[in-house]
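Listed below, chain by chain, are the residues.
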Amino acid sequence: MKLRDRISSWLESKFIQAAASAALLAFMALLPLFTDNYYQNIVWNAFFYMLLALGLNIIVGYCGLCDLGYASKFAIGAYTTGILIKTYHWNFWATLPVSIIISIVSSVIIGLPTLKLRSDYLAIVTLGFAEIVRITARNLKITGAATGLIAIPRPTFFGIRLVKITHWYYVFLILVVIYIIISFRIRNSRFGRALAYIREDEDAAEAMGVNTSLYKLYAYVLGAVLGGVTGSFYAVKMTSISPGSFDFNQSVNVLLAVILGGMGKVPGVVLGAAFFALFPEFFRDIPVIGDMRMLFFGLLLIAVIIAKPQGLWPERNK
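Residues numbered from 1 in each chain as written. Predicted model: local features only at pLDDT ≥ 70, side-chain atom pairs only at ≥ 80, totals over all residues. Heavy atoms only, no water.

**Concerning a nonpolar patch on the surface**
Selection criterion: Note on patches: the residues involved have over 30% relative accessible area and no salt bridge, like charges join within 9 Å, and the nonpolar side chains Val, Leu, Ile, Met, Phe, Trp and Tyr join within 5 Å. For the accessible areas, the method is Shrake-Rupley and the probe is 1.4 Å, while residue cover comes only from the protein chains on display. Salt bridge criterion: a side-chain nitrogen from Lys or Arg within 4 Å of a carboxyl oxygen from Asp or Glu. The way it works is that DSSP assigns letters per residue, a run of H or I at least four long becomes a helix, a run of E at least two long becomes a strand, and they are numbered from the N terminus. Here the term buried applies to any residue with accessible area under 20% of the maximum for its type, exposed to any over 50%, and partly exposed to those in between, with areas from a 1.4 Å probe on protein chains only.
A surface patch of nonpolar side chains, about 590 Å² in accessible area, is lined by Met292, Leu295, Phe296, Leu299, Ile302 and Ile306. The residue phenylalanine 296 is located in helix 13 (residues 293-307) in this model. Of the residues examined, phenylalanine 296 reaches a relative accessible area of 37% and is grouped as partly exposed.

Below is the structure:
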């Protein structure tokens, strides 16, 4: 057995993964004790991209669907929560079920007629739907039109108003842990195996008795729900949202994080999102390099894709 295969097998060991996960979680939980608000905000941004990437991974990584409009799922949750809090004075926690329901309904409406499409055609439809959501939000009075919604009140949790960046650091850390658990549960379930069959060969999966249309719709709905919940928390954390936060670039950034980490591999997706969010910030204050950090970041992405075309941490069978 080659050394590379031995290292890969060692890393795939459940004991090693559990120990590494526990150590990493403990480190992240203690990090705010040794860092200031600036660095906590940078890590929070990484958590935010991890949540979006984990949601999109169910659609793209698990099921193999091409979604270029994931920002629309995120936007629906954010605007649902923002409107209910700002206009109708709802409690934030009460808006979450509504956000989930609207995410499900919207994903079913767009998914039922379009998920029979494949490859480029599905990508075009999802991109078009995302643009419809963004343009609609920019023109409706209830969404604040082009200005968006501002001064969204912060929620309270057991009497504690979540106003500090440390509060939101821990809120999003907990959400990342929950999303990771959900992702592993789906991946190791019968449903997750069916999605893997669809991803590898949809015709063969259908011949084996898998209801491909139904399972693809389930994956699309689950990804939309995770994106909607993330958007709800994003709205109250930022206290303001606008259509510009949900443009095509945002969808591409999330998709890039999934591809960069390794589609379908939960640790890889988390690593890809962290790399995407943290790398440009680490070089911001370096002379000369700081001004051109995005150029270096782009060159590094190209190098990673050439060297690791399946992602930084792909599945072993790839």
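What follows continues from the structure just given.
**Side note on the pattern of salt bridges**
Tallied over the entire structure, the rule returns 4 salt bridges. Linking glutamate 131 and arginine 134 is a salt bridge whose minimum nitrogen-to-oxygen distance equals 2.7 Å. With a gap of 3 residues between them, glutamate 131 and arginine 134 both fall in helix 6 (residues 119-139), about one helical turn apart. The residue glutamate 200 makes a salt bridge to arginine 199 at a minimum N-O spacing of 3.0 Å.

**Details of the packing of aromatic side chains**
As a reminder, the rule being used: Note on ring pairs: Phe, Tyr and Trp rings are taken, using the six-membered ring of Trp, and paired if centres are within 6.5 Å. Classes follow the plane angle, with under 30 degrees stacked, over 60 edge-to-face and the rest tilted.
Under the criterion given, the structure shown has 23 aromatic pairs. Note on phenylalanine 74 and tyrosine 234: the rings are 5.0 Å apart at their centroids and 70° apart in plane angle, and the pair reads as edge-to-face. Within this pair, whereas phenylalanine 74 is found in helix 4 (residues 70-86), its partner tyrosine 234 is found in helix 10 (residues 212-238), the two being separated by 160 residues in sequence. Judged by relative accessible area, phenylalanine 74 falls into the buried class, the value being 1%.

**Quick word on the domain arrangement of the protein**
Quick reminder of the rule: Residue ranges assigned to each domain were obtained from an automatic or database domain assignment. What counts as buried area is the accessible surface, traced by a 1.4 Å probe, that two parts surrender upon association, with contributions from both included. By the criterion applied in these results, polar contacts are pairs of N or O atoms within 3.5 Å in which, for protein atoms, one can donate a hydrogen and the other can accept it, and in which residues neighboring in sequence qualify only through two side-chain atoms. Ten residues, namely Ala, Val, Leu, Ile, Met, Phe, Trp, Tyr, Cys and Pro, are considered nonpolar, four, namely Asp, Glu, Lys and Arg, are considered charged, and the remaining ones, Gly among them, are considered polar.
Domains assigned within the protein are domain 1 (1-34) and domain 2 (37-260). The C-alpha-based centres of domain 1 and domain 2 are spaced at 27 Å. Summing both sides of the interface, domain 1 and domain 2 together bury roughly 540 Å²; the carbon and sulfur share of this comes to 71%. Where domain 1 meets domain 2, there are 0 salt bridges. Taken together, the connections running from domain 1 to domain 2 amount to 3 residue pairs in polar contact (both at pLDDT 80 or more). Residues of the side of domain 1 that touches domain 2, tallied by class, amount to 5 nonpolar, no polar and no charged.

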